[in-house]
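Coordinate inspection notes
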Amino acid sequence: MRITVQGERIVRIQGDPDHPPTHGALCTKVSRYAERTDHPERLLRPRRRVGPKGSGQWQDISWDEALDTVAARLKAIAGPGGAGAQAIVPYSYAGTMGLIQGESMAARFFHRLGASRLDRTICASAGGEALAATYGHKLGMHLEDFAHSRLIVIWGSNSIASNLHFWTFAQAAKRAGARLVCIDPRRTETADKCHQHIALMPGTDGALALGLMHQWLMHGGLDTDYIERHVNGWPALRDKALPWTAERTAETCGITPREVQALARELADTHPAAIRLNYGMQRVAGGGNAVRLIALLPCLTGAWRHRGGGLLLSASGWFAPAVDSATLERPDLMPQPLPRIINMSAIGDALLQPASAAFGPAIQALIVYNSNPLAVAPDSRRVAAGFARDDLFTVVLEHFMTDTADWADVVLPATTQLEHLDVHRSYGHTYALINEASLSPRGESLPNTEIFRRLAARLGFDEPCFGDSDEQLARQAFKPEWVSFDALRQAGWVKLPVPERPFADGGFATADGKVCVDAPGLGVPDHIPNHESAVTTPALAQRYPLAMISPPARNFLNSSFVNVMSLRSIEGEPLLEMHSGDALPRGLADGDVVEVFNDRGVYRCRLAVSARARPGVVNGLGIWWRKLGLNGTNVNELTSQALTDIGRAATFYDCLVEVRAA
Ligand SMILES: Nc1nc2c(c(=O)[nH]1)N[C@H]1C(S)=C(S)[C@@H](COP(=O)(O)OP(=O)(O)OC[C@H]3O[C@@H](n4cnc5c(=O)[nH]c(N)nc54)[C@H](O)[C@@H]3O)O[C@H]1N2
Ligand SMILES: Nc1nc2c(c(=O)[nH]1)N[C@H]1C(S)=C(S)[C@@H](COP(=O)(O)OP(=O)(O)OC[C@H]3O[C@@H](n4cnc5c(=O)[nH]c(N)nc54)[C@H](O)[C@@H]3O)O[C@H]1N2
Ligand SMILES: [Mo]
């Protein structure tokens, strides 16, 4: 990203044409970053609550007063020797994914304090742990190599909306004659641009993968040489795949046997063949197993042999040896025994949990940064009830008064990426990046790092690491033999030395270098149906016959940018997409205001009768701020806190609902 400024005024924001993976393109959202940074509602001063919780009555205070208040309260909760510190919980995720403004000084602070640890599972841990169990790490194809593919299967990803930079390479392949197939319950903008769209039911991807394997067993397509040399445990997987005839697969997935057979043939006969798997398909009960099964596909056909063949879910594992997280985050500062772990995907339940031997102390303080849990965490009625607790002390570091900041006791204004220094790894490509500040902090805002640095001083943490400046932190982030900070500063990015055709001849990151089928503790992967479905919960499915998914709207980034008016005006208002065949019998028409509901709650929004929805599935586009919803809720009022099979992750797209006119 290149920012042109005149003094403190942002003149222009553009992509950097010299940066290979993003090649001068910015997504719509980030291209509006000037509007976001200088938004009239930007938080510029610390404030504290003066009325009842959530009443919106605030008083501006000085930084000293704000930090003294927070420090005093944390000290009181932690008690002598920090024995009670587990009642304090940090809550953070993707506001910035920078290594410095994410978990560096913040992690040091909470580790030293002895606060509860946070299990950061809300996005990618099901697929991430599944991929690592299969390949040994989160490893995948070079982004640029998709340009060489002859077949690209885009699986569980609306790439045009959420992974624009990949899409450029897919388009290059398409222009060169490649076929593009999209596997997604929703007819997305991406599906529109592919040659074929396979609209399966949510949570049935594992069954489809097994069905493909079955076809190869029956009709050929397996690369037996590659399997013999590089796949560990194939016979057990073969037994799992045998019952998955095209008919059974089609019935489970809600597609046709022809679609299963044709995809199997294409994947086996076309080289190079690539799968762009993405996290959209792992937000269901069996998301982890599904990722394991799909990750095995290119190992069974030998797709990895070819440049432009293989699979990419995440490439972040290539950074594992390069990032010095032990130095950045200092887990060694934690007390023994290690503090308990709170799962962010079930924060609603955690906040409402009383003290017990199993749980430990009730949560008494929550420090939120880089996240908006009121809007993004599942089962928001429970989350909202937790945040409304009078005895909970809540601190929120933010740019704006989000749904979460509304419930805070103290709100602390944070800098944006234009105003602070950071360094980044990536999960979609293999370049390390630097983020230089191009503006001074707006108002009195401070970087997250500085806020935690000042809190550490107030709590008397005198380890030298609490004195590190942001530049010192940034210099510690990458091991110099991998990424030299000075080279990073000079060029803006550094490409990691990742091998060409990384698994052309095996060499996976597992102990024996082979792909792992029967992973320790996980067994042989299998299709696992959704928590909520006609198969697993027939009585529930009778009352709530529609499966709801809630993928992101194109012009929002999770719940960020919802308040940027030029973007919100494109999205219009909260929408539910429904197929005409589901709308008619319910007496619903396009444009109606509807209530989407289940046992967890009610979400009121506008109905779009649309071919983007397949029969039996409704799409509740996310993630609006609750306070902008017609009844003060958003789509997460309906989603559940049930977790995935692997990775303890959220199951946002595993959710049954019914819809009626409002
Ligand atoms: N514009 C935009 N871009 C974003 C984000 C955003 O909020 N807005 N978020 C960023 C973040 S945090 C992430 S993690 C990534 C996510 O990026 P991706 O992992 O690529 O996921 P999404 O584009 O969210 O795609 C989810 C897609 O999966 C489909 N889907 C839902 N359930 C299933 C299923 O069971 N099976 C299959 N096959 N498909 C299913 C949805 O219809 C949707 O089209 O995007 C990043 N980019
Ligand atoms: N129903 C449903 N729910 C979902 C999803 C879905 O597809 N459907 N997607 C899930 C996914 S993939 C993810 S990753 C999560 C994301 O959930 P979050 O991590 O909560 O992401 P955002 O909603 O973007 O909120 C980030 C907040 O951080 C703030 N922020 C940004 N930069 C900084 C900074 O430098 N300092 C501070 N202090 N604050 C900053 C922003 O202003 C914003 O309010 O949501 C999940 N929730
Ligand atoms: Mo995410």
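Residues numbered from 1 in each chain as written. Chains lettered and ligands numbered in written order. Predicted model: local features only at pLDDT ≥ 70, side-chain atom pairs only at ≥ 80, totals over all residues. Heavy atoms only, no water.

As far as domains go, the chain holds domain 1 (1-31), domain 2 (42-122 + 325-424 + 431-495), domain 3 (126-316 + 501-516) and domain 4 (538-661). Taking the mean C-alpha position of each, domain 1 and domain 2 sit 28 Å from one another. Of the roughly 860 Å² buried between domain 1 and domain 2 on both sides combined, carbon and sulfur atoms contribute 67%. Among the residues of domain 1 in contact with domain 2, Ile3, Glu8 and His19 are the three that bury the most area, contributing 48% of the side total. Connecting domain 1 to domain 2 are 1 salt bridge. Where domain 1 touches domain 2, the interface holds 2 residue pairs in polar contact (both at pLDDT 80 or more). (Domains from an automatic or database assignment. Buried area = accessible area lost by both parts, 1.4 Å probe. Salt bridge = Lys/Arg side-chain N within 4 Å of Asp/Glu carboxyl O. Polar contact = N/O pair within 3.5 Å; in protein donor to acceptor, adjacent residues only side chain to side chain.)

Here we come to the packing of aromatic side chains. What the rule picks out here adds up to 19 aromatic pairs. Here Trp304 and Phe508 contribute two aromatic rings whose centre-to-centre distance is 6.4 Å and whose plane-to-plane angle is 80°, an arrangement assigned as edge-to-face. With Trp304 in the loop between α13 (287-300) and β12 (310-312) and Phe508 in the loop between β19 (493-495) and β20 (515-516), the pair connects residues that are 204 residues apart, well separated along the chain. Overall, the relative accessible area of 1% leaves Trp304 in the buried class. Classification of Phe508 by relative accessible area gives buried; the value is 4%. When the ring of Phe556 is compared with that of Trp624, the centres are 5.1 Å apart and the planes differ by 85°; the resulting orientation is edge-to-face. Pair noted here: Phe556 is in the loop between β21 (546-549) and α22 (565-571) and Trp624 is in the loop between β25 (617-620) and β26 (656-661), with a separation of 68 residues, a long-range link. Of the two residues, Phe556 and Trp624, neither departs from the other in class, the shared state being buried. Through a chain of ring-to-ring contacts, three or more aromatic side chains come together here, namely Phe109, Phe110, Tyr369, Phe452, Phe461 and Phe466. (Phe/Tyr/Trp six-rings, centres within 6.5 Å; stacked < 30°, edge-to-face > 60°. Helix = DSSP H or I, 4+ residues; strand = E, 2+ residues; numbered from the N terminus. Buried < 20%, exposed > 50% of the residue type's maximum accessible area, 1.4 Å probe, protein only.)

With that out of the way, let us pick up the site of ligand 1. Near ligand 1 lie 32 residues; those nearest to it are Ser162, Asp184, Tyr279, Phe556 and Asn558. Note that an oxygen atom of ligand 1 is positioned 3.1 Å from one of the backbone N or O atoms of Asn158. Note that an oxygen atom of ligand 1 is positioned 2.8 Å from one of the backbone N or O atoms of Gly203. For ligand 1, whose free accessible area comes to 900 Å², the fraction covered by protein is 96%. In terms of residue class, the shell around ligand 1 is made up of 17 nonpolar, 9 polar and 6 charged. Of the domains in this structure, domain 3 (126-316 + 501-516) and domain 4 (538-661) are the two that each give at least three residues to the shell around ligand 1. (Near = heavy atom within 4 Å. Areas by Shrake-Rupley, 256 points an atom, 1.4 Å probe, with all protein chains shown as cover. Nonpolar A, V, L, I, M, F, W, Y, C, P; charged D, E, K, R; others polar.)

With that out of the way, let us pick up α13. With 14 residues, α13 extends 20 Å from end C-alpha to end C-alpha; this agrees with the ideal 20 Å at 1.5 Å per step. Directly beyond the C-terminal end of α13, a positive phi value near 75° is found at Gly302. (Expected span 1.5 Å × (residues − 1).)

In contact at an axis separation of 9 Å, helix α2 (residues 63-78) and helix α18 (residues 448-458) are set at 60° when each is read in the N-to-C sense. If you check the angle between α2 and α18, you find them oblique. Crossing of α2 against α18: the hand is right-handed. Contacts between α2 and α18 involve Trp63, Asp64, Leu67, Asp68, Val70, Ala71 and Lys75 on the former and, on the latter, Ile451, Arg454, Leu455 and Arg458. (Axes fitted to C-alpha atoms, helices over the stretch in contact; angles between N-to-C directions. Parallel < 35°, antiparallel > 145°, perpendicular 65-115°, else oblique. Left-handed = near helix turned anticlockwise from the far one by under 90°. Contact = heavy atoms within 4.5 Å.)

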